[in-house]
Amino acid sequence: MKKIIYPGTFDPITNGHLDIAERAASLFDHVIITVANNPKKKSLFTVEERIDLVQASIKHLNNVSVSSTNVLIVNFAKENEAIALIRGLRSISDFEYEFQMALMNRSLAPEISTIFMMPDEKYMHLNSTVVKEIAALEGDISAYVPAIVEAKLKSKLNI
Ligand code: ADP
(Lines give C-alpha, C1' and ligand atoms only; values in the text may rest on other atoms or scores of the structure.)
Protein backbone atom coordinates (compact mmCIF):
# COMPACT_ATOMS: atom_id res chain seq x y z
CA MET A 1 0.00 0.00 0.00
CA LYS A 2 1.82 3.14 -1.21
CA LYS A 3 0.36 6.14 0.56
CA ILE A 4 1.31 9.76 -0.17
CA ILE A 5 0.53 13.03 1.59
CA TYR A 6 -0.44 16.17 -0.33
CA PRO A 7 0.02 19.01 2.17
CA GLY A 8 -1.02 22.63 1.75
CA THR A 9 -3.17 25.47 2.97
CA PHE A 10 -5.99 24.88 0.50
CA ASP A 11 -7.61 28.25 1.25
CA PRO A 12 -9.60 27.25 -0.81
CA ILE A 13 -8.84 24.20 -2.97
CA THR A 14 -8.53 25.10 -6.68
CA ASN A 15 -8.58 23.11 -9.93
CA GLY A 16 -4.76 23.35 -9.87
CA HIS A 17 -4.64 21.50 -6.53
CA LEU A 18 -7.15 18.97 -7.89
CA ASP A 19 -5.03 18.41 -11.00
CA ILE A 20 -2.06 17.45 -8.78
CA ALA A 21 -4.25 15.27 -6.53
CA GLU A 22 -5.60 13.43 -9.58
CA ARG A 23 -2.11 12.85 -10.97
CA ALA A 24 -0.92 11.52 -7.60
CA ALA A 25 -4.03 9.32 -7.29
CA SER A 26 -3.20 7.64 -10.59
CA LEU A 27 0.30 6.71 -9.37
CA PHE A 28 -0.21 5.79 -5.71
CA ASP A 29 -2.64 3.58 -3.82
CA HIS A 30 -3.85 6.36 -1.57
CA VAL A 31 -3.48 10.15 -1.38
CA ILE A 32 -4.22 12.08 1.82
CA ILE A 33 -4.82 15.76 1.13
CA THR A 34 -3.64 17.34 4.37
CA VAL A 35 -4.93 20.77 5.28
CA ALA A 36 -2.41 22.67 7.37
CA ASN A 37 -4.00 23.90 10.57
CA ASN A 38 -1.70 26.80 11.31
CA PRO A 39 -3.46 29.42 13.48
CA LYS A 40 -0.59 31.89 12.81
CA LYS A 41 -1.33 31.92 9.08
CA LYS A 42 -4.34 34.05 8.31
CA SER A 43 -6.82 32.25 6.10
CA LEU A 44 -10.20 33.22 4.66
CA PHE A 45 -11.77 29.83 5.41
CA THR A 46 -11.56 28.00 8.74
CA VAL A 47 -9.81 24.66 8.73
CA GLU A 48 -13.21 22.89 8.95
CA GLU A 49 -14.50 24.83 5.94
CA ARG A 50 -11.34 24.06 3.97
CA ILE A 51 -11.67 20.35 4.79
CA ASP A 52 -15.37 20.35 3.76
CA LEU A 53 -14.52 22.01 0.43
CA VAL A 54 -11.76 19.48 -0.28
CA GLN A 55 -14.11 16.65 0.67
CA ALA A 56 -16.81 17.91 -1.69
CA SER A 57 -14.25 18.36 -4.50
CA ILE A 58 -12.73 14.85 -4.35
CA LYS A 59 -15.94 12.79 -4.43
CA HIS A 60 -14.97 11.41 -7.85
CA LEU A 61 -11.60 10.13 -6.58
CA ASN A 62 -12.04 6.95 -4.57
CA ASN A 63 -8.43 6.70 -3.37
CA VAL A 64 -8.13 10.28 -2.13
CA SER A 65 -9.10 11.39 1.38
CA VAL A 66 -8.74 14.59 3.39
CA SER A 67 -7.30 15.24 6.81
CA SER A 68 -5.77 18.13 8.73
CA THR A 69 -2.83 18.46 11.04
CA ASN A 70 -1.01 20.91 13.23
CA VAL A 71 2.08 18.73 13.68
CA LEU A 72 5.18 18.73 11.47
CA ILE A 73 4.17 17.32 8.12
CA VAL A 74 6.92 14.67 8.06
CA ASN A 75 5.74 13.45 11.47
CA PHE A 76 2.16 13.35 10.18
CA ALA A 77 3.41 11.36 7.18
CA LYS A 78 5.21 8.86 9.44
CA GLU A 79 2.16 8.50 11.74
CA ASN A 80 0.06 7.69 8.68
CA GLU A 81 2.64 5.31 7.20
CA ALA A 82 2.99 7.45 4.08
CA ILE A 83 6.12 7.08 1.97
CA ALA A 84 6.27 10.56 0.46
CA LEU A 85 4.96 14.09 0.19
CA ILE A 86 3.72 15.49 -3.09
CA ARG A 87 3.95 19.16 -4.03
CA GLY A 88 2.92 21.04 -7.14
CA LEU A 89 5.52 23.05 -9.05
CA ARG A 90 4.20 25.91 -11.13
CA SER A 91 7.19 28.09 -11.82
CA ILE A 92 10.84 28.73 -11.15
CA SER A 93 9.75 31.00 -8.31
CA ASP A 94 8.08 28.01 -6.58
CA PHE A 95 11.29 26.06 -7.01
CA GLU A 96 13.55 27.86 -4.55
CA TYR A 97 11.12 27.61 -1.65
CA GLU A 98 10.13 24.05 -2.48
CA PHE A 99 13.75 22.94 -2.85
CA GLN A 100 14.58 24.29 0.60
CA MET A 101 11.47 22.70 2.16
CA ALA A 102 12.20 19.34 0.54
CA LEU A 103 15.79 19.34 1.82
CA MET A 104 14.70 20.37 5.31
CA ASN A 105 12.02 17.67 5.38
CA ARG A 106 14.57 15.11 4.20
CA SER A 107 16.93 16.20 6.92
CA LEU A 108 14.14 15.76 9.51
CA ALA A 109 12.91 12.44 8.08
CA PRO A 110 15.19 10.79 5.48
CA GLU A 111 12.65 8.01 4.84
CA ILE A 112 10.01 10.46 3.57
CA SER A 113 10.66 11.57 -0.01
CA THR A 114 9.27 14.68 -1.66
CA ILE A 115 7.85 14.31 -5.16
CA PHE A 116 7.04 17.25 -7.45
CA MET A 117 4.50 17.31 -10.23
CA MET A 118 3.57 19.97 -12.75
CA PRO A 119 -0.09 20.72 -13.35
CA ASP A 120 -1.71 21.09 -16.75
CA GLU A 121 -0.54 24.35 -18.38
CA LYS A 122 -3.95 25.86 -17.92
CA TYR A 123 -3.44 25.84 -14.14
CA MET A 124 0.16 27.08 -14.07
CA HIS A 125 -0.82 30.66 -13.24
CA LEU A 126 -3.37 29.69 -10.61
CA ASN A 127 -3.15 30.06 -6.86
CA SER A 128 -5.69 30.43 -4.07
CA THR A 129 -4.77 34.08 -3.40
CA VAL A 130 -5.42 35.14 -6.99
CA VAL A 131 -8.72 33.26 -7.04
CA LYS A 132 -9.85 35.06 -3.85
CA GLU A 133 -8.84 38.43 -5.30
CA ILE A 134 -10.74 37.84 -8.54
CA ALA A 135 -13.79 36.60 -6.62
CA ALA A 136 -13.73 39.67 -4.35
CA LEU A 137 -13.83 41.87 -7.46
CA GLU A 138 -16.71 39.81 -8.81
CA GLY A 139 -14.67 38.27 -11.65
CA ASP A 140 -15.52 34.89 -13.15
CA ILE A 141 -13.64 32.12 -11.31
CA SER A 142 -15.68 29.21 -12.66
CA ALA A 143 -12.75 27.86 -14.72
CA TYR A 144 -10.45 27.85 -11.70
CA VAL A 145 -12.33 26.20 -8.85
CA PRO A 146 -15.00 23.50 -8.43
CA ALA A 147 -18.59 24.85 -8.46
CA ILE A 148 -19.01 24.25 -4.72
CA VAL A 149 -15.92 26.35 -3.97
CA GLU A 150 -17.19 29.14 -6.22
CA ALA A 151 -20.53 29.17 -4.37
CA LYS A 152 -18.88 29.13 -0.94
CA LEU A 153 -16.48 31.93 -1.90
CA LYS A 154 -19.35 34.08 -3.09
CA SER A 155 -21.31 33.58 0.11
CA LYS A 156 -18.23 34.20 2.27
CA LEU A 157 -17.49 37.43 0.39
CA ASN A 158 -21.19 38.45 0.36
CA ILE A 159 -21.34 38.57 -3.44
P1 ADP B 1 -1.30 28.18 -2.81
O2 ADP B 1 -1.66 29.11 -1.70
O3 ADP B 1 0.05 28.40 -3.44
O4 ADP B 1 -2.39 28.00 -3.83
P5 ADP B 1 -1.10 25.81 -1.01
O6 ADP B 1 -0.25 26.11 0.16
O7 ADP B 1 -2.49 25.43 -0.72
O8 ADP B 1 -1.12 26.83 -2.17
O9 ADP B 1 -0.37 24.73 -1.91
C10 ADP B 1 -0.27 23.39 -1.68
C11 ADP B 1 0.51 22.76 -2.80
O12 ADP B 1 -0.25 22.87 -4.01
C13 ADP B 1 1.85 23.40 -3.12
O14 ADP B 1 2.74 22.37 -3.49
C15 ADP B 1 1.57 24.29 -4.31
O16 ADP B 1 2.71 24.44 -5.11
C17 ADP B 1 0.54 23.43 -5.03
N18 ADP B 1 -0.31 24.23 -5.91
C19 ADP B 1 -1.05 25.29 -5.62
N20 ADP B 1 -1.68 25.77 -6.71
C21 ADP B 1 -1.32 24.95 -7.73
C22 ADP B 1 -1.60 24.93 -9.13
N23 ADP B 1 -2.35 25.85 -9.71
N24 ADP B 1 -1.05 23.95 -9.84
C25 ADP B 1 -0.24 23.03 -9.27
N26 ADP B 1 0.07 23.01 -7.99
C27 ADP B 1 -0.44 23.96 -7.21
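Please refer to the structure higher up on the page.
Bear in mind the structure is a predicted one, so any value in this text is a computation, not a measurement. (Residues numbered from 1 in each chain as written. Predicted model: local features only at pLDDT ≥ 70, side-chain atom pairs only at ≥ 80, totals over all residues. Heavy atoms only, no water.)

**Q** Sorry, what's going on with the side chain of Glu150 here?
**A** Tracing the sequence through the fold places Glu150 in helix 6 (residues 147-156). Leaving out residues up to four positions away in the same chain, Glu150 has contacts with Asp140, Ile141, Ser142 and Val145. (Helix = DSSP H or I, 4+ residues; strand = E, 2+ residues; numbered from the N terminus. Contact = heavy atoms within 4.5 Å.)

**Q** What is the right way to look at the site of the ligand in this model?
**A** Lining the immediate surroundings of the ligand are 17 residues, of which Tyr6, Phe10, Gly88, Tyr123 and Leu126 lie closest. For the ligand, whose accessible area on its own is 540 Å², the fraction buried by protein is 89%. Listing elements by their share of the shell around the ligand, those giving two or more residues are strand 1 (3-8), helix 1 (15-27) and strand 4 (84-88). Residue composition of the shell around the ligand, grouped by class: seven nonpolar, seven polar and three charged. (Near = heavy atom within 4 Å. Areas by Shrake-Rupley, 256 points an atom, 1.4 Å probe, with all protein chains shown as cover. Nonpolar A, V, L, I, M, F, W, Y, C, P; charged D, E, K, R; others polar.)

**Q** I tried to follow the packing of helix 2 (residues 47-57) against helix 6 on my own but got confused; where do I start?
**A** Two quantities define a packed helix pair, namely the angle between the helix axes and the distance between the axes. Packing of helix 2 against helix 6 brings their axes to within 9 Å, and their N-to-C directions diverge by 150 degrees. The orientation of helix 2 relative to helix 6 falls into the category roughly antiparallel. Facing helix 2, whose interface residues are Glu49, Leu53, Ala56 and Ser57, helix 6 presents Ile148, Val149, Lys152 and Lys156. Residue composition of the contact of helix 2 with helix 6, by class: four nonpolar, one polar and three charged. (Axes fitted to C-alpha atoms, helices over the stretch in contact; angles between N-to-C directions. Parallel < 35°, antiparallel > 145°, perpendicular 65-115°, else oblique.)

**Q** Would you mind showing me how to read unusual backbone geometry here?
**A** Negative phi characterises most residues that are not glycine, and trans characterises most peptide bonds. Following Asp11, the chain continues to Pro12 via a peptide bond in cis, the omega torsion being 0 degrees. Among the secondary structure elements, Pro12 is positioned in the loop between strand 1 and helix 1. For Phe10, which is not a glycine, the phi torsion comes out positive at approximately 50 degrees. Positionally, Phe10 belongs in the loop between strand 1 and helix 1.

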